[in-house]
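Notes for the structure review
Letter by letter, the chains look like this.
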Amino acid sequence: MTVLRTFAELAEGLGVTLSLFGLTLVIAIPLGFAGSHVSLGHNRTAKFFYNIYLTVMRGTPLILQVLFVYFGLNLLFQVCGLRFRLDRFASALLSFALNYTAYFSEIFRGGIQSINRGQYEAASVLGLTRRQTMTKIVIPQVFKIVLPSMGNEIINLVKDTALVSIIALGDLLKIAYSASMREANVMPLVVAAVFYLAINAVVTFVLKKIEARMSYYRI
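First, a word on what this report is: a plain description of the structure on this page. In this text the structure is predicted, and so the values were computed from the model without any measurement. The written sequence of each chain sets the order in which its residues are numbered from 1. Two thresholds apply to this predicted model, a pLDDT of at least 70 for residue-level local features and 80 or more for giving and counting side-chain atom pairs, whereas whole-chain, interface and lining totals are computed over all residues. Each side-chain value is worked out from all heavy atoms of the structure, with water and hydrogens disregarded.

**Section: the overall build of the protein**
To keep it simple, the criterion reads: Secondary structure follows DSSP: runs of H or I at least 4 residues long count as helices, runs of E at least 2 residues long count as strands, and numbering of each begins at the N terminus. Each residue is placed in one exposure class: buried if its accessible area under a 1.4 Å probe, protein chains only, is under 20% of its type's maximum, exposed if it is over 50%, and partly exposed if it falls in between. Surface accessibility in these figures is a Shrake-Rupley result with a 1.4 Å probe; residues are shielded only by whichever protein chains are displayed. By the counting rule applied here, Lys and Arg register as positive and Asp and Glu as negative, while His and the ends of each chain are not counted. Charge coordinates come from a single atom per side chain, which is NZ of Lys, CZ of Arg, CG of Asp or CD of Glu.
The helix and strand tally for the protein stands at eight helices and zero strands. Going from N to C terminus, the protein has its helices and strands arranged as α-α-α-α-α-α-α-α. Looking at the protein residue by residue over its 219 residues, the buried ones come to 38%. Total accessible area on the protein is roughly 12800 Å²; 66% of this is exposed by carbon and sulfur atoms. Computed over 20 positive and 10 negative side-chain charges, the separation of the two mean positions in the protein equals 9 Å.

Right, here's the structure in full:
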């Protein structure tokens, strides 16, 4: 019974980890792509404030951002008399989304800047609109270029999810550690390590498949 109970707890923690991982990607990748256009845009005011955001997100530890969102924002809501409160999962998701949006934004910016200006000019000569140029020529090449860097960040994200245990969110590591202390047995931590390895193995496999499918975009 103890083994089944521990495994059920680990499975529940794995669900939290996978949810945080998946939702962060769903939010951060589109926002990062949009943010890269702010960095490359001509609106100086928007670029100024966006660069401050990038500096803060990339210049402070993610674990500190998690603590600030969970404790700091909730305290701010309380001081302002608001009855709204972020729970542990929402706080973790918000901090992770903000953090990884900044990193993905810079990755996309580098990818866009690597596209030769001559390709934009050639598309204009052929009569393509700006939207057609971006969707048919630029974006496919950008994703091909940034995929290795994106892959590294995505793998880091899997491991970074363990940081949410700092706010007592019942993720995989938190559950494994609690079970290990309760049973005076290291096996729950070993099982957690196997789960993390399995997740990263799947992520790596999927990324390689995507890279292979996009290999026809030669630049």
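**Side note on the environment of Asn 51**
With respect to the element layout, Asn 51 can be found in helix H2 (residues 44–59). Put simply, Asn 51 and Ala 102 are 51 residues apart on the chain and 9.5 Å apart in space, counted from C-alpha to C-alpha.

**Let's talk about the layout of surface pockets**
Any space left empty among the atoms is revealed by the rolling of a water-sized probe across them. So the rule is basically this: In this analysis, the protein atoms alone were mapped onto a 1 Å grid. Cavities are point sets where a 1.4 Å probe fits without being able to get out; pockets are open sets with protein on both sides within 12 Å along at least five of seven lines; lining residues have an atom within 4 Å of a point. Grid points are joined across faces, edges and corners, and a volume is the space filled by probe spheres set on the points. Three classes are used: nonpolar for Ala, Val, Leu, Ile, Met, Phe, Trp, Tyr, Cys and Pro, charged for Asp, Glu, Lys and Arg, and polar for all others, with Gly counted as polar.
Looking at the largest pocket, its volume works out to about 280 Å³. What lines the largest pocket is simply His 37, Leu 40, Gly 41, Ile 112, Gln 113, Ile 115, Arg 117, Tyr 120, Arg 130 and Met 134. Put simply, the parts of the chain that give the lining of the largest pocket at least two residues each are helix H1 (2–40), helix H4 (88–113), helix H5 (117–125) and helix H6 (130–160). Among the residues forming the lining of the largest pocket, the class breakdown is five nonpolar, three polar and two charged.

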